[in-house]
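Observations on chain architecture
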Amino acid sequence: MIPVQTIATDNKTAILGLGATGRSCVRHLQSRGRALAAFDSIMGEDQAQLFRREFPEVPLYIGAFDGATLSGFSKLVV
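The model shown is predicted, which means the values in this text are computed figures rather than measured ones.

A word on the nonpolar core
- Grouped together as the largest cluster of nonpolar side chains are twelve residues: Ile15, Leu18, Val26, Leu29, Leu36, Ala38, Met43, Ala48, Phe51, Phe55, Val58 and Leu60.
- Of all the elements in the fold, those that place two or more residues in this core are α1 (20–31), β2 (36–40) and α2 (45–54).
- The residues touching Ala38, leaving out its near neighbours within four places in the chain, are Ile15, Leu18, Val26, Phe51, Val58, Pro59, Leu60 and Tyr61.
- Formed by six residues, the second largest nonpolar core is a distinct cluster that contains Ala14, Leu16, Ala37 and Phe39.

Here you go:
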């Protein structure tokens, strides 16, 4: 039997990529009360400001995806 390792102790979701589909996922999960954070590797500052205005309570990470940060999430939506 293979042991199961839990990588996160909470039930948070990370959305990776904030194009139209990624933003739609953020909108949907947020409307369901899901704990989440958003990540984008190439988002510009203007786009980031728009995202923060629409989703002020969603943590936003811009730049290279960091495995240590992502390991704190129980689900990844790519």
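As for the pairing of strand β1 (residues 13–16)
- Of the two faces of β1, the one carrying Thr13 and Ile15 and the one carrying Ala14 and Leu16 are both buried.
- In the sheet, β1 pairs with β2 via four bridges, with the strands oriented parallel. Note on β2: the bridge partner recorded for Thr13 is Leu36.
- For the segment spanning β1, α1 and β2, crossover handedness is right-handed.
- One ladder, built from three bridges, connects β1 with strand β4 (residues 75–77); its direction is parallel. Each residue of the ladder has a partner; that of Ala14, found in β4, is Leu76.

Cut-offs and rules
- Residues numbered from 1 in each chain as written.
- Predicted model: local features only at pLDDT ≥ 70, side-chain atom pairs only at ≥ 80, totals over all residues.
- Heavy atoms only, no water.
- Core = buried A, V, L, I, M, F, W, Y, C linked by side-chain atoms within 4.5 Å.
- Buried < 20%, exposed > 50% of the residue type's maximum accessible area, 1.4 Å probe, protein only.
- Helix = DSSP H or I, 4+ residues; strand = E, 2+ residues; numbered from the N terminus.
- Contact = heavy atoms within 4.5 Å.
- Pairing = 2+ DSSP bridges.
- Right-handed = clockwise from strand over helix to strand, strands pointing away.

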